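Geometric and topological summary
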Amino acid sequence: SKYVLPWVLVTLAILTCILIIICNKKSLQIKLYSYRYTRWCFGLDKDEAGLTYDVFVSYAHQDEQYVEEVLVPGLEETKELKYKCFVHVRDFVPGRAISEQIVEAVDNSKRTLICLSKHFLASDWAKQEFEVAHRKNRVVIILVGELPSRNEMSEDILNYIHNNTYLASDDK
């Protein structure tokens, strides 16, 4: 009977820790993934292992200030984790067909980061980048500015927004 109280306390402490982990699972995963020493816990998809880029950043030229001055430096120049970004203004080859380069950028990147804005939806090239990445199931959306209205979005983008989470540009 003198061992019952310590066992109850230990069991309560363990259950409390498990509950905290379950409630904060997403935050803990993000934190662990951000350290290169614990990233191995997540493993790589076999299809992604040999890809040149971590992310192809797809955006409309009107959003270039945010993308080129905030987003890309934030991905490439962090202390903890550096992502190798493919950005069309510096990585597309002049004189080659844009549509071919879009397919290659998506194919050579683990994810395509769509910077969704009203400007993005008005750009035929940007919409093509979404469509190619969406077919490959490699899309991550970051909302730049206000969420465009339903009639501004294509059916594919609208369905994606309704069925998947997305990030806001001011989300750290």
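Structure report, in brief. Not measured: the values here are computed from a predicted model. (Residues numbered from 1 in each chain as written. Predicted model: local features only at pLDDT ≥ 70, side-chain atom pairs only at ≥ 80, totals over all residues. Heavy atoms only, no water.)

Here we look at unusual backbone geometry
One can expect most non-glycine residues to show negative phi and most peptide bonds to be in trans. If you check the backbone angles, asparagine 137 has positive phi at about 60° while not being a glycine. For asparagine 137, the position within the fold is in the loop between α7 (124–135) and β4 (139–143). (Helix = DSSP H or I, 4+ residues; strand = E, 2+ residues; numbered from the N terminus.)

Quick word on the packing of aromatic side chains
What describes a pair of aromatic rings is the distance from one ring centre to the other and the angle between the planes of the rings. Taken as a whole, this structure holds five aromatic pairs when the rule is applied. A centroid spacing of 5.4 Å and a plane angle of 80° characterise the contact between phenylalanine 56 and phenylalanine 86, whose relative ring orientation is edge-to-face. One end of the pair, phenylalanine 56, is in strand β1 (residues 53–58); the other, phenylalanine 86, is in strand β2 (residues 85–87), with 30 residues separating them in the sequence. In this structure, phenylalanine 56 and phenylalanine 86 share a single accessibility class: buried. When the ring centre of tyrosine 53 is taken as reference, the NZ or CZ atom of lysine 84 above it lies at 5.3 Å. (Phe/Tyr/Trp six-rings, centres within 6.5 Å; stacked < 30°, edge-to-face > 60°. Buried < 20%, exposed > 50% of the residue type's maximum accessible area, 1.4 Å probe, protein only. Lys NZ or Arg CZ within 6 Å of the ring centre and 35° of its normal.)

Examining the sheet that holds β1
Strand order in the open sheet made by the five strands is β2-β1-β3-β4-β5, with parallel pairing throughout. Each of the sheet's edge strands pairs with one partner strand only, and the pair in question is β2 and β5 (167–168). Both strand β3 (residues 109–116) and β4 contribute to a ladder of five bridges, which runs parallel. Opposite cysteine 115, over in β4, you have isoleucine 142 as the bridge partner. In the packing of helix α5 (residues 98–107) onto the sheet, contacts are made with β1, β2 and β3, and the angle to β3 comes to roughly 120°. (Pairing = 2+ DSSP bridges. Contact = heavy atoms within 4.5 Å. Axes fitted to C-alpha atoms, helices over the stretch in contact; angles between N-to-C directions.)

Considerations on the nonpolar core
Ile114, Leu116, Phe120, Phe130, Val139, Ile141 and Ile157 are the most contacted members of the largest nonpolar core, which has 23 residues in total. Listed by contribution, the elements that provide at least two residues to this core are β1, α5, β3, α6 (118–122), α7, β4 and α8 (155–163). The residues touching isoleucine 114, leaving out its near neighbours within four places in the chain, are Ser58, Phe120, Phe130, Val139, Val140, Ile141 and Ile142. Within the second largest apolar cluster, 14 residues are counted, among which are Tyr59, Cys115, Ile142 and Val144. (Core = buried A, V, L, I, M, F, W, Y, C linked by side-chain atoms within 4.5 Å.)

Considering the side chain of aspartate 63
Relative to the assigned elements, aspartate 63 resides in the loop between β1 and α3 (64–76). Notably, aspartate 63 is buried but unbridged: the nearest opposite-charge side chain belongs to lysine 118, and the N-O separation is 11 Å. Of the polar contacts made by the side chain of aspartate 63, one reaches the side chain of serine 117; its length is 2.5 Å. Those residues within four positions of aspartate 63 in sequence are excluded, and the remaining contacts are Cys115, Ser117, His119, Phe120 and Val144. (Lys, Arg positive; Asp, Glu negative; His and termini not counted. Salt bridge = Lys/Arg side-chain N within 4 Å of Asp/Glu carboxyl O. Polar contact = N/O pair within 3.5 Å; in protein donor to acceptor, adjacent residues only side chain to side chain.)

Let's talk about a nonpolar patch on the surface
On the surface, Tyr3, Trp7, Val10, Ile14, Leu15, Ile18 and Ile22 cluster together into a nonpolar patch covering about 770 Å² of accessible area. Considering the arrangement of structural elements, one finds isoleucine 22 in helix α1 (residues 4–23). The exposure class of isoleucine 22 is exposed, given its relative accessible area of 57%. (Patch = residues over 30% accessible without salt bridge, like charges linked within 9 Å, V, L, I, M, F, W, Y side chains within 5 Å. Areas by Shrake-Rupley, 256 points an atom, 1.4 Å probe, with all protein chains shown as cover.)

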